[in-house]
Amino acid sequence: MSDTPFGFGLPPEEPDDGDEGKKKDQQSGGGQGPANPFGFGGLPGAGGFGGGPGGPGADNPFAAMFGSLNPTDLGAAFQQLGQMLSYEGGPVNWDMAKQIARQTVSQGSPDGTKDTSVGPAERRAVEEAVRLADLWLDDATSLPSGAGSAVAWSRAEWVEATLPAWKELVDPVAERVGTAMGDVLPEEMQAMAGPLIGMMRSMGGAMFGTQIGQAVGVLAGEVVGSSDIGLPLGPAGKAALLPVNIETFGRDLSVPQEEVRLYLALREAAHQRLFAHVPWLRSHLFGAVDGYARGIKVDTAKLEDVVGQFDPQNPEQLQEALQQGMFQPEDTPEQKAALARLETALALVEGWVDAVVHAAAKPRLSSADALRETLRRRRASGGPAEQTFATLIGLELRPRRLRDASRLWASLTDARGVDGRDALWAHPDMLPTATDLDDPDGFVHREQIDFSELDKMLGEAADKPDLRKRDTGEDGGEDKSKGDDAE
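None of the values given here were measured: they were computed from a predicted structure.

(A) Up close: helix 11 (residues 281-294). If you check helix 11, its first and last C-alpha atoms are 20 Å apart, about what 14 residues at 1.5 Å a residue would give, namely 20 Å. By the burial criterion, the buried members of helix 11 are L281, L285, F286, A288, V289, G291, Y292 and A293.

Below you can see the structure in the form of structure tokens.
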């Protein structure tokens, strides 16, 4: 995250209307303004932002932020500030999030890797890897292929494709924070401070837009597909891999690049099968995130302190305050249940993918064990996605019990076969619980309800009216006469 207030960094290139913005900023200078109600200090006077030719003025708090900027950067800064305050959309300024995410991608990842367009050869390699992965998975799961197509994305394309899913995940809690920002004013002032409240909510939308934009931009430099965090972030039916990140991921593994690509294609294709053929799963996961977010309470006292004690000369203090301790889960049975449901669901998804991919890869790839362990550690250590949710809603999307879930799915395969294992995805109530992860053997060998007889009985009951109507024999005469009388 940046060190500038609310993360509002400057764009790396000059905006299209930079000169025009500069002229507007120069024309807008005026007399001394009133004191800022949030403690921002005095507004810039007629002498300019530097307070004079020699540099920043002591009585100008903005000089610490903008005094060293050249006119072009200063115009860009005010353009972004204007965009922030003029936003009137939902709880997150998604236009700003998209812009900042793409700017972050264009700057390259911390290891120095730059985003590049995907060439024809890379696209063919991804398509072939996904096609082969699907063939191998046919032996490891009863769920059919869920990928209607295979695509190779650049980092920028990943940002574009996944923003709708991020919007669905982040908006609920952002709405709560936006409301809280309006509530930090004293009640007697709220009736007369409509524009001020609107400005604060615009700032809240920009704050979230900036935070999520930066995080998504950083995440785009690390993900290798559309389902790295256990949630379906991309469009349904598209198995997506990022060649530039796959190359970086496999650089220090001493494993042939083709094997790395194929193993990651197995994971992506397995996720696609699960989400395509378990129709309730996506809404179950997103609903669990939403349920957890509803139980978040915003520390309005801390938020009020952050807004009221804003010091432009120490922006890192504001950033730290926004990232730590702002959101607290309510200590209620409902909130605990929501968190347990989400963590268990993530572990079951990732554990199933881990077990199925290992079963498909182990007989065919010499590096299967090494790649499996690398991916497990990568998920366990967390990354930008976990940091994003920890910052925004106090939630880490980390399958803490991935190994337990993977062992349980493997034991189920041994005890019931592939079909018996995968049949548990038919309904959420049939899946293992957090308690079952503590006692996998107990769950594996527990007597299961035979739903086949129930389905048969329900089917026969549903067919009986049609059978009576079609029956023209002696036994059906009474029913037929009753039907005639009814008519």
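(B) Quick look at the pattern of salt bridges. Within the structure shown, the criterion is met by 20 salt bridges. Between R379 and E350 there is a salt bridge, with the nearest N and O atoms lying 3.0 Å from each other. Here the residue R379 occupies a position in helix 15 (residues 368-381), and E350 occupies one in helix 14 (residues 333-361), the gap between them amounting to 29 residues. According to the relative accessible area criterion, R379 is buried, its value standing at 7%. For E350, a relative accessible area of 1% puts it in the buried group. The residue R401 makes a salt bridge to D438 at a minimum N-O spacing of 2.6 Å. Of this pair, R401 sits in the loop between helix 16 (384-393) and helix 17 (402-422) while D438 sits in helix 18 (residues 434-438), placing them 37 residues apart in sequence.

(C) Summary view of the packing of helix 14 against helix 17. One can describe the packing of helix 14 onto helix 17 by two numbers: an axis separation of 8 Å at closest approach and a directional angle of 65°. Judged by the sense of rotation from one axis to the other, the crossing of helix 14 with helix 17 is right-handed. When helix 14 is examined against helix 17, the residues A347, L348, E350, G351, W352, D354, A355 and V356 are found in contact with a partner set consisting of L402, A405, S406, W409, A410, R421 and D422. Among the residues forming the contact of helix 14 with helix 17, the class breakdown is 9 nonpolar, 2 polar and 4 charged.

(D) Layout of the packing of helix 10 (residues 257-277) against helix 14. At a closest axis distance of 9 Å, the pairing of helix 10 and helix 14 adopts a crossing angle of 130°. In this view, helix 10 runs oblique relative to helix 14, as classed from their interaxial angle. Pair helix 10 / helix 14 crosses with right-handed handedness. Contacts between helix 10 and helix 14 involve Y263, L266, R267, A270, H271, L274 and F275 from the first element and V349, E350, W352, V353, V357, A360 and A361 from the second.

Conventions and cut-offs
Residues numbered from 1 in each chain as written. Predicted model: local features only at pLDDT ≥ 70, side-chain atom pairs only at ≥ 80, totals over all residues. Heavy atoms only, no water. Helix = DSSP H or I, 4+ residues; strand = E, 2+ residues; numbered from the N terminus. Expected span 1.5 Å × (residues − 1). Buried < 20%, exposed > 50% of the residue type's maximum accessible area, 1.4 Å probe, protein only. Salt bridge = Lys/Arg side-chain N within 4 Å of Asp/Glu carboxyl O. Axes fitted to C-alpha atoms, helices over the stretch in contact; angles between N-to-C directions. Left-handed = near helix turned anticlockwise from the far one by under 90°. Contact = heavy atoms within 4.5 Å. Nonpolar A, V, L, I, M, F, W, Y, C, P; charged D, E, K, R; others polar. Parallel < 35°, antiparallel > 145°, perpendicular 65-115°, else oblique.

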